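# Survey of secondary and tertiary structure
Listed below, chain by chain, are the residues.
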Amino acid sequence: MALHDELTAVQRCVDDLVRTVGKLERQAGDELAGSVDVRRVRTDTDHLRESVALLRAAAPPPRERPRAPDLVTIPDTPYDSSLWTDSDDEGLGARDRHAP
């Protein structure tokens, strides 16, 4: 995976964590909402979100992926034999001569 893909995956996980901590705060209500531990978790998740944002900003720009070469279709039909008149035969010379 490319660096930017990894950072995006981390960002999604941190976003999920922030949402889950928010749900936990709402479900716990007054019992945990004012506790130091919940505030610490909220602060830690906020710092983690900021740290990932800084990492993404500092990452080098993504490199362009090399483009796949265009495919050329070669037909299965035989070539016109008139194309090969006046041509040498695989290094053997002209058609009217023979190899030594």
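Fair warning: this is a prediction, and the values are worked out from it, not measured in the lab.

### So, the overall build of the chain
Counting its secondary structure elements, the chain contains three helices and zero strands. Residues classed as buried in the chain amount to 13% of the 100 residues present. Long-range pairs, those at least 24 residues apart, make up 72% of the contacts in the chain between residues at least 6 apart in sequence. Split by element, the accessible area of the chain, about 9,100 Å² in all, is 56% carbon and sulfur.

### Structural notes on helix α1 (residues 3-28)
With 26 residues, α1 should cover 38 Å at 1.5 Å per step; its first-to-last C-alpha distance of 37 Å lies within 8% of that length. Remark: G29 follows α1 within two positions and exhibits a positive phi of approximately 65°.

Thresholds, definitions, all that
- Residues numbered from 1 in each chain as written.
- Predicted model: local features only at pLDDT ≥ 70, side-chain atom pairs only at ≥ 80, totals over all residues.
- Heavy atoms only, no water.
- Helix = DSSP H or I, 4+ residues; strand = E, 2+ residues; numbered from the N terminus.
- Buried < 20%, exposed > 50% of the residue type's maximum accessible area, 1.4 Å probe, protein only.
- Contact = heavy atoms within 4.5 Å.
- Areas by Shrake-Rupley, 256 points an atom, 1.4 Å probe, with all protein chains shown as cover.
- Expected span 1.5 Å × (residues − 1).

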